[in-house]
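# Per-entry structural report
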Amino acid sequence: MSDEQSIQKDDAVETEQMERHTKLSIFMHWFNAACWLFLLATGIGLIRNADLQPVGGWWTDMMRGIFGGGANLLLVHEIVGVLWAVVFLVYVIAKAKEVVPFLKEIFTIDPKRDVLWLVNKGIQMTLGYKALYKLDGILKGRFGYKPEIPDQGFYNVGQKMFAIPSILGGVVIVVTGVIMTASNVMLENTAPVQWAILIHFLTVGFVFAGLLIHVYMASIAAGERPAFISMFTGKVPEDYAMHHHKLWYDEVREGR
Ligand code: HEM
């Protein structure tokens, strides 16, 4: 084999890709992200409480300026919130065959394997691989400790720890948002509305905290670049799948 042929063969091996996301699931992810950013920006702009300003009064003034006052700002927030919920509802019903396996994957946890993954991945990312073997030397097999990072499926447990609250939190945000919107025409300023405001606000804060880690891990963290690219192309290189999602990789290979 000539050098040129051998380089071409190596390239072909390197670029072999595996299907990871459908075009529709990619669209739904970015639609979700765009709605989240818009609802967050406009939602913070709706807060008119000097003691409760996450980013400061200037943001509230700016948002109200852009949309021509508080009433318009509230209206666009409600319209985009309803659009977000309706599009997702239609997606879940129409594409149950895609959504059900996703939910099954997200909610499947193997406590022994996944806790060890969280501990070891956390140590590896902060202190490096050597620290894992040092810890192994200290624990000497106690608590079932092993220094290897356990294999993971389509999603690793870190991704699941964000996906679960973001999905459940999304449901809570929509339900409380509907109660708050209904207060315009009924319910008014009753206890359920007051509770809905508090729960809506706290849930957004909770999911947003996870979102910061999600965005860091997905778009900035070294080694996760192929997953980020797959959110546009739908594909990941085989070697990435083998190293990061071995159980999924094996499943796909067995099914071939
Ligand atoms: C705006 C910046 C965002 C970026 C750069 C980003 C990036 C990504 C990437 C790269 C994946 C694919 C991971 C993989 O294939 O292994 C993913 C998946 C996912 N994203 Fe995002 N995302 C963003 C916003 C959001 C928002 C706003 C939400 C919801 C609140 C969200 C929820 C999810 C969920 C539930 C998954 C599947 C499970 C997971 O990988 O955590 N993302 N995201």
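Fair warning: this is a prediction, and the values are worked out from it, not measured in the lab.

### Quick look at the side chain of arginine 64
- Counting through the fold element by element, arginine 64 comes out in helix H3 (residues 57-67).
- Within the buried core, arginine 64 has no salt-bridge partner, and the shortest N-O distance to an opposite charge, that of aspartate 61, equals 6.0 Å.
- Here arginine 64 is in contact with Gly45, Leu46, Ile47, Arg48, Gly69, Gly70 and Leu73, once residues within four sequence places are set aside.

### Topic: the confidence of the model for the protein chain
- This prediction gives the protein chain a mean pLDDT of 91; 93% of its residues lie at or above 70.
- Low pLDDT, under 50, characterises residues 1-13; the predicted model gives this stretch two contacts beyond four residues in sequence or across chains.

### Some details on the coordination of the iron atom of the ligand
- For the iron atom of the ligand, the full set of protein donor atoms is His29 (NE2) and His214 (NE2), at a range of 2.0 Å.
- Around the iron atom of the ligand, the six donor atoms sit at angles spanning 84 to 179°, and that spread fits a shape best called octahedral. Placement of the pair is histidine 29 in helix H2 (residues 23-45) and histidine 214 in helix H9 (residues 191-220), with a sequence separation of 185 residues.
- Taking the relative accessible area as the measure of exposure, histidine 29 reaches 25% and is therefore partly exposed.

### Remarks on a nonpolar patch on the surface
- On the surface, Leu52, Val172, Trp195, Leu198, Ile199, Phe201 and Leu202 cluster together into a nonpolar patch covering about 640 Å² of accessible area.
- At five residues, H9 tops the list of elements feeding residues into the nonpolar patch.
- Its location among the elements puts valine 172 in helix H8 (residues 157-182).
- Overall, the relative accessible area of 33% leaves valine 172 in the partly exposed class.

### Looking at the site of the ligand
- Neighbouring residues of the ligand: 20 residues in total, closest Arg20, His21, His29, Gln159 and His214.
- With respect to the ligand, the side chain of histidine 29 contributes an N or O atom lying 2.8 Å from a nitrogen atom.
- For the ligand, an oxygen atom lies 2.8 Å from a polar atom in the side chain of glutamine 159.
- When residues in the shell around the ligand are grouped by element, the largest group, five residues, is from H2.
- By residue class, the composition of the shell around the ligand is twelve nonpolar, seven polar and one charged.

### Focus: the layout of surface pockets
- Size it by volume and the second largest pocket reaches roughly 1,000 Å³.
- Residue lining of the second largest pocket: 38 residues in total, with Gly43, Leu46, His77, Met180 and His200 positioned closest to the centre.
- Every element with two or more residues in the lining of the second largest pocket is listed here: H2, helix H4 (70-94), H8 and H9.
- By residue number, the principal contributor to the lining of the second largest pocket is H4, which donates nine residues.
- Along the lines of polarity and charge, the residues of the lining of the second largest pocket split into 24 nonpolar, eleven polar and three charged.

### Some words on helix H6 (residues 111-126)
- In a regular helix each residue adds 1.5 Å, so 16 residues correspond to 22 Å; H6 covers 22 Å between its end C-alpha atoms and thus fits that length.
- Of all the residues in H6, the buried ones are Asp114, Leu116, Trp117, Asn120, Lys121, Ile123 and Gln124.
- Packed against the buried residues of H6 are helix H7 (129-139) and H8.
- At the C-terminal side of H6, glycine 128 shows a positive phi close to 95°.

### Looking at the packing of aromatic side chains
- Taken as a whole, this structure holds ten aromatic pairs when the rule is applied.
- Geometrically, the ring pair formed by phenylalanine 88 and tyrosine 91 is edge-to-face, given 6.3 Å between the ring centres and 90° between the ring planes. Of the two residues, phenylalanine 88 and tyrosine 91 are both situated in helix H4; the distance of three residues between them amounts to about one turn of the helix.
- On the numbers, 4.9 Å between centres and 80° between planes, the contact of phenylalanine 154 with tyrosine 155 is edge-to-face.
- Under the relative-accessibility criterion, phenylalanine 154 is labelled buried at 18%.
- Within the aromatic cluster, the residues linked to one another by ring pairs are Phe27, Phe31, Phe88 and Tyr91.

### Quick look at the pattern of salt bridges
- With the rule as written, the count across this model stands at five salt bridges.
- A salt bridge links glutamate 19 to lysine 235; its shortest N-O distance comes to 3.8 Å. With a gap of 216 residues between them, glutamate 19 in strand E1 (residues 17-19) and lysine 235 in strand E2 (residues 235-237) connect regions that are remote in the sequence.
- The exposed category is assigned to glutamate 19, whose relative accessible area is 58%.
- The residue lysine 246 makes a salt bridge to aspartate 250 at a minimum N-O spacing of 2.9 Å. Residue lysine 246 and its partner aspartate 250 are located together in helix H12 (residues 246-255), separated by four residues, close to a single helical turn.

Definitions and limits used
- Residues numbered from 1 in each chain as written.
- Predicted model: local features only at pLDDT ≥ 70, side-chain atom pairs only at ≥ 80, totals over all residues.
- Heavy atoms only, no water.
- Helix = DSSP H or I, 4+ residues; strand = E, 2+ residues; numbered from the N terminus.
- Buried < 20%, exposed > 50% of the residue type's maximum accessible area, 1.4 Å probe, protein only.
- Lys, Arg positive; Asp, Glu negative; His and termini not counted.
- Salt bridge = Lys/Arg side-chain N within 4 Å of Asp/Glu carboxyl O.
- Contact = heavy atoms within 4.5 Å.
- pLDDT = per-residue confidence, 0-100.
- Donors = N, O, S within 2.8 Å, 3.2 Å for Na, K, Ca; no water.
- Tetrahedral: all angles 85-135°; square planar, octahedral: opposite > 155°, others 65-115°.
- Patch = residues over 30% accessible without salt bridge, like charges linked within 9 Å, V, L, I, M, F, W, Y side chains within 5 Å.
- Areas by Shrake-Rupley, 256 points an atom, 1.4 Å probe, with all protein chains shown as cover.
- Near = heavy atom within 4 Å.
- Polar contact = N/O pair within 3.5 Å; in protein donor to acceptor, adjacent residues only side chain to side chain.
- Nonpolar A, V, L, I, M, F, W, Y, C, P; charged D, E, K, R; others polar.
- 1 Å grid on protein atoms, 1.4 Å probe; cavity = no way out; pocket = protein on both sides within 12 Å on 5 of 7 lines; lining within 4 Å.
- Points joined across faces, edges and corners; volume = space filled by probe spheres on them.
- Expected span 1.5 Å × (residues − 1).
- Phe/Tyr/Trp six-rings, centres within 6.5 Å; stacked < 30°, edge-to-face > 60°.

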